[in-house]
Amino acid sequence: MPVTTRRPRKQKSPTDGTTRGLPWTTLLFNCNCHTFDQVARQLTKAIRVSYERGMQIANVVHNSGKAVVYTGHRERCEAVAMVLEDIGLLTKVVQ
């Protein structure tokens, strides 16, 4: 019996110019009005990371001006942004 191989399916891209299906991202921007401690503690609440990981992310934000703090579904990215904004941090949710 001959062996048949299947070709991988090509993913169809939207034809209407949208980017549906692509992951959403929550960005956190640097500001000089919060301490590293405040940012790290809020990150632990928003994205459920350790305090140490929150400090690492805060350092990236400080040095780079911004950092991706979460990638996933739009609703979850918006929820993360809302928690960060509770203390006045600057965020943006993008696709």
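Residues numbered from 1 in each chain as written. Predicted model: local features only at pLDDT ≥ 70, side-chain atom pairs only at ≥ 80, totals over all residues. Heavy atoms only, no water.

**Q** Explain the layout of surface pockets to me, using residue names and the numbers behind them.
**A** Taken as a whole, the largest pocket holds about 150 Å³ of empty space. Around the largest pocket, the lining is made up of 13 residues, and of these Asn 30, Cys 31, His 34, Val 39 and His 62 lie nearest the centre. Only strand S1 (24–29), helix H1 (36–47) and helix H2 (51–64) provide two or more residues apiece to the lining of the largest pocket. In terms of residues, the lining of the largest pocket owes the most to one element, H2, which gives three residues. Grouping the amino acids of the lining of the largest pocket by side-chain chemistry returns eight nonpolar, five polar and no charged. (1 Å grid on protein atoms, 1.4 Å probe; cavity = no way out; pocket = protein on both sides within 12 Å on 5 of 7 lines; lining within 4 Å. Points joined across faces, edges and corners; volume = space filled by probe spheres on them. Helix = DSSP H or I, 4+ residues; strand = E, 2+ residues; numbered from the N terminus. Nonpolar A, V, L, I, M, F, W, Y, C, P; charged D, E, K, R; others polar.)

**Q** Let's hear about the side chain of Thr 26: which residues, and what values?
**A** Mapped onto the elements of the fold, Thr 26 is located in strand S1. Separated by 2.9 Å, the side chain of Thr 26 and the backbone oxygen of Cys 77 make a polar contact. Those residues in contact with Thr 26, other than ones at most four positions away along the chain, are Ala 67, Val 68, Val 69, Tyr 70, Cys 77, Val 80, Ala 81, Lys 92 and Val 93. (Polar contact = N/O pair within 3.5 Å; in protein donor to acceptor, adjacent residues only side chain to side chain. Contact = heavy atoms within 4.5 Å.)

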